[in-house]
Amino acid sequence: MAVLVQKFGGTSVATAERIHAAARRAIKAQQAGNQVVVVVSARGDTTDELIAMAREICDQPPPREMDMLLATGEQISIALLAMAIHSLGGTAVSFTGAQVGIVTDSTHTKARIKSISTARMRQALAAGSIVIVAGFQGIDEAGNITTLGRGGSDTTAVALAAVLKHEGGYRDDVGCEIYTDVDGVYTTDPRLVPEAQKMDFISYDEMLELASAGAAVMHSRSIEFAKKYDVPVMVRSAFSDVEGTWIVPEQDWMRQEPACGVAIVKDEARVLLDGVPDQPGVSHRVFSALAERNIVVDMIAQGLGSDGKAAIGFTVPKAELREALKILQPLAASLGATVTAAEDVSKISLVGAGMRTHTGVAERMFAALASEKINMQMITTGDIKISVLVDRQDAMRALRAVHRAFGLHRERPKLPQAVKLEDVLHAAQSSLHSENGRDLYRRLSSMEDILISDIRLVSDYGQITVSHLADVPGNCHHIFQAVADAGINVDMIVQNLGAGGRADLSFSVPQSDLTLARQQAEKIVREIDPSARVSADSDIAVLFVFGVGMRTHTGVARKMFGALAERQINIRMINTSEVCISVVVEQTRGREALECLRQTFELNHLTNGQ
Ligand code: ADP
Ligand code: ASP
Ligand code: MG
């Protein structure tokens, strides 16, 4: 018998009528022959109200007690839904996270799932009950109630589907539906941009990047589970029967368009550490201090040093700035550096698996922003993502401009006629699911452990750096246009705003194009800002570490920087995303860095290109 996990978000259980509607859906799914597990969130704004309640008592409530309080929201929902199912003649049994055996680590308010026992669920399902589970919560090994972070009920739902599939003995017959207040995943938040379009399909990687870049429609960690454990997920409306959006393994036809969506994080903060010694181990010290406190560092732009000093720029969520500065101030003092922060910034990220094959994507994005006269304070790129940091007051205009520039207001591509839905849902899986991949699983000591699947070294790239570029709208666009005009494909881009309002811009190009790229950059820089300097470096190696959910697992970058620092290998450029972290090192150290990272992540059996 198939198992269907249905998750209802806060608005979908906000009123008695909606709880009854959710109950009817669950019963209908059961009558259609499924065993049904329902995950529910707290009703309406309950979680916000509970947070406000705690703040009335004290400024910084102890995290353990916060979790004790927050978990009550979901507990109300499960009991009410079970009652509704009974009132409609069905059978249901409700469980808290702890009762159903969701064991997490002890990081209160952002705990990670370690294991889930399927025994109690299977027993209740076999007895013909609908199983109702409180989302967003678990219990740690010491018996304390924990919560998974805002929006975490999605993660509970997909994690339950994953564990039932792999340990509950249901294999391919497990589905997961996320019922919410929109009828699917859109090209951007339809509340912000009404012309946004619904997608029929989106790949795991794209959804992961969009969610972690601000698209709150899914909790990004839920997509890590979906990808790691092969669970196709459908996001759909709780208020209608319209088909929603399938989140599935990536397929060739999904790369037809360069981009699938744009996301925004309105409240970011930019931190600049200026005048840090340009030596191995410095980034490690900075980022490991932050990672230890579970602060997710987002965009990282490390400028090329001069006079033995470098600038490290990065962003953190605005809400975490205070804590980040508390950690950074003493650290900066000990490094002889200064630390400054800007709070009025927002991040716009363009995402698309199509970036793997399309060229000129960054150039097109920068052109859209330049035509709106919007300045980019920072730029970072990932495998399938480009993020820019802009002034908060420009953010909405930037979002709309980028959305339009990629034609995202037009109807989205449909499933090609020759492709069958069944094949998409059970598509040949990524390397994570090969023999090699299964081997990787077995080494996971807990369900949310980071899974590193591959590490590669690329030595045929060169780097162009434009330093001390005047920080005015359009400058980056002009440079990338000049490079694109010469038919040169740009790979990694990092731009950092240094002290004194001057920007440092670095990007990588194929080594065979390095001289031409330099000439193009020099020519345009002479026109737009003669005081800026252009340099080219053919002596670089790029290391790519692939995995799932790498940015939010603060430990990965820390481990990576730590291992390189230990070998005295200097990191010159860094790019982070959920599916890939890449670093640029000196070419002569490339092989050694590759070996070192493979050892660190226990991937010694791989050979380059495998
Ligand atoms: P739930 O309570 O059901 O979990 P959320 O509020 O967490 O619902 O998520 C749904 C909301 O996500 C939508 O109402 C929408 O405003 C927002 N959203 C943000 N980005 C997107 C997007 N790309 N597509 C659809 N909805 C989005
Ligand atoms: N109730 C929690 C929140 O509001 C979890 C969730 O809704 O997913 O964040
Ligand atoms: Mg949500």
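Heads up: the structure comes first, above all this text.
Residues numbered from 1 in each chain as written. Chains lettered and ligands numbered in written order. Predicted model: local features only at pLDDT ≥ 70, side-chain atom pairs only at ≥ 80, totals over all residues. Heavy atoms only, no water.

Participant: Just checking my understanding: could you explain the overall build of the chain for this structure?
Facilitator: Helix and strand content of the chain: 17 helices and 26 strands. Here the C-alpha radius of gyration of the chain, 24 Å, is about what a compact globule of 610 residues would show, namely 25 Å. Seen along its three principal axes, the alpha-carbon backbone of the chain occupies a region of about 80 × 55 × 50 Å. Residues classed as buried in the chain amount to 59% of the 610 residues present. For the chain, the exposed area adds up to about 23,400 Å²; of that, 48% sits on carbon and sulfur atoms. Measuring between centres, the 61 positive side-chain charges of the chain sit 1 Å from its 73 negative side-chain charges. (Helix = DSSP H or I, 4+ residues; strand = E, 2+ residues; numbered from the N terminus. Rg over C-alpha atoms; globule rule 2.2 N^0.38 Å. Buried < 20%, exposed > 50% of the residue type's maximum accessible area, 1.4 Å probe, protein only. Areas by Shrake-Rupley, 256 points an atom, 1.4 Å probe, with all protein chains shown as cover. Lys, Arg positive; Asp, Glu negative; His and termini not counted. Charge placed at Lys NZ, Arg CZ, Asp CG, Glu CD.)

Participant: What is the right way to look at the pattern of salt bridges in this model?
Facilitator: Pairing between side chains becomes possible if they bear opposite charge and their charged atoms approach one another. Taken as a whole, this structure holds 29 salt bridges when the rule is applied. Note that Glu65 and Arg64 form a salt bridge whose closest N and O atoms lie 3.0 Å from each other. By relative accessible area, which is 33% here, Arg64 ends up partly exposed. With a shortest N-O distance of 2.3 Å, Arg572 and Asp537 are connected by a salt bridge. Taken as a pair, Arg572 in the loop between helix H16 (554-566) and strand S25 (573-576) and Asp537 in strand S23 (residues 533-537) lie far apart in primary sequence, 35 residues in all. On the accessibility criterion, Asp537 (22% relative accessible area) is partly exposed. Salt bridges sharing common partners tie together Asp205, Lys227, Glu250, Asp252, Arg255, Arg356 and Asp383. (Salt bridge = Lys/Arg side-chain N within 4 Å of Asp/Glu carboxyl O.)

Participant: Just checking my understanding: could you explain the site of ligand 1 for this structure?
Facilitator: Close to ligand 1 lie 16 residues, the nearest being Thr180, Asp181, Tyr186, Asp189 and Arg191. In the model, an oxygen atom of ligand 1 is placed 3.1 Å from a nitrogen or oxygen of the Lys7 side chain. The side chain of Asp181 places a nitrogen or oxygen atom 2.8 Å from an oxygen atom of ligand 1. Residues of the shell around ligand 1, tallied by class, amount to 7 nonpolar, 5 polar and 4 charged. (Near = heavy atom within 4 Å. Polar contact = N/O pair within 3.5 Å; in protein donor to acceptor, adjacent residues only side chain to side chain. Nonpolar A, V, L, I, M, F, W, Y, C, P; charged D, E, K, R; others polar.)

Participant: Whenever I open this one, the packing of helix H14 (residues 475-485) against helix H15 (residues 514-528) confuses me. Can you help?
Facilitator: Helix-helix packing is described using two parameters, namely the angle between the two axes and the distance between the axes. It is the contact of H14 with H15, at a shortest axis distance of 8 Å, that shows an interaxial angle of 145 degrees. Like other packed secondary-structure pairs, H14 and H15 cross with a definite hand, here right-handed. Taking contact as the criterion, the partners of Asn475, His478, Ile479, Ala482 and Val483 in H14 are, on H15, Ala517, Gln520, Ile524, Val525 and Ile528. (Axes fitted to C-alpha atoms, helices over the stretch in contact; angles between N-to-C directions. Left-handed = near helix turned anticlockwise from the far one by under 90°. Contact = heavy atoms within 4.5 Å.)

Participant: Looking at this model, I keep getting lost on the site of ligand 2. Mind explaining?
Facilitator: Close to ligand 2 lie Ser41, Ala42, Thr47, Glu74, Phe136, Arg150, Gly151, Gly152 and Ser153. At 2.7 Å from an oxygen atom of ligand 2 is found a side-chain nitrogen or oxygen belonging to Arg150. In isolation ligand 2 offers 260 Å² of accessible surface; the protein chains occlude 86% of this area. Of the residues in the shell around ligand 2, the class split is 2 nonpolar, 5 polar and 2 charged.

Participant: Sorry if this is basic, but what is going on with the pairing of strand S21 (residues 493-497) here?
Facilitator: A regular strand carries its side chains on alternate faces of the sheet. Burial runs high along S21: 5 of the 5 residues are buried. Neither face of S21 is left uncovered, since the one carrying Ile493, Gln495 and Leu497 and the one carrying Val494 and Asn496 both have all their residues buried. Sheet analysis places strand S17 (residues 378-382) next to S21, joined by 2 bridges and oriented antiparallel. Paired with Ile379 across the strands is Gln495, a residue of S21. Pairing geometry for S21 and strand S22 (residues 502-510), over 5 bridges, is antiparallel. Bridged to Gln495 within S22 is Leu505. (Pairing = 2+ DSSP bridges.)

Participant: What is the right way to read helix H5 (residues 153-166) from this model?
Facilitator: An α-helix turns once per 3.6 residues; consequently, residues spaced three or four apart project the same way. The terminal C-alpha atoms of H5, which comprises 14 residues, lie 20 Å apart, in line with the 20 Å expected from a rise of 1.5 Å per residue. Of all 14 residues in H5, 13 are buried; the element is thus mostly enclosed. (Expected span 1.5 Å × (residues − 1).)

Participant: So what exactly am I meant to see when it comes to the environment of Gly501 here?
Facilitator: Along the chain, Gly501 turns up in the loop between S21 and S22. What makes Gly501 partly exposed here is its relative accessible area of 37%. Residues Gly501 and Val472 lie 29 residues apart in sequence; the distance between their C-alpha atoms is 9.2 Å. Residues within four places of Gly501 in sequence aside, it is in contact with Leu469 and Asp471.

Participant: Looking at this structure, how should I read the packing of helix H8 (residues 282-292) against H16?
Facilitator: The interhelical angle for the contact between H8 and H16, taken along N-to-C directions, is 150 degrees, at an axis separation of 9 Å. When the interaxial angle is binned, H8 and H16 end up roughly antiparallel. Note on packing geometry: the crossing formed by H8 with H16 is left-handed. Residues Ser283, His284, Phe287, Ser288, Ala291 and Glu292 of H8 form the contact with H16, whose participating residues are Thr554, Arg558, Phe561, Gly562 and Ala565. Residues of the contact of H8 with H16, tallied by class, amount to 4 nonpolar, 5 polar and 2 charged. (Parallel < 35°, antiparallel > 145°, perpendicular 65-115°, else oblique.)

Participant: Would you mind going over unusual backbone geometry with me for this structure?
Facilitator: Backbone phi values are negative for most residues with the exception of glycine, while trans is the configuration of most peptide bonds. Phi is positive for Asp230, close to 65 degrees, though the residue is something other than glycine. Note that Asp230 resides in the loop between helix H7 (220-228) and strand S11 (233-237). For Asp230, a relative accessible area of 15% gives the class buried. The phi dihedral of His468 falls on the positive side, at around 55 degrees, and the residue is not glycine.

Participant: Quick question: what am I supposed to make of the sheet that holds strand S26 (residues 580-586) here?
Facilitator: In any sheet, the strands associate via hydrogen bonds between backbone groups, in a parallel or an antiparallel arrangement. A sheet is described by the order of its strands in space; here 4 strands give the open sequence S19-S24-S26-S25, paired in antiparallel fashion. The sheet is open, and its two edges are formed by strand S19 (451-458) and S25, each paired on a single side. The average angle at which neighbouring strand axes cross in this sheet is 15 degrees, direction not considered. By the bridge criterion, 4 bridges tie S25 to S26 in an arrangement that is antiparallel. Bridging across to S26, Asn575 finds its partner in Ser582. With respect to the sheet, H16 is in contact with S19, strand S24 (540-548), S25 and S26, its orientation differing from that of S26 by roughly 15 degrees. Where helix H17 (residues 590-600) meets the sheet, it contacts S19, S24 and S26, and its direction lies at approximately 170 degrees from that of S19.

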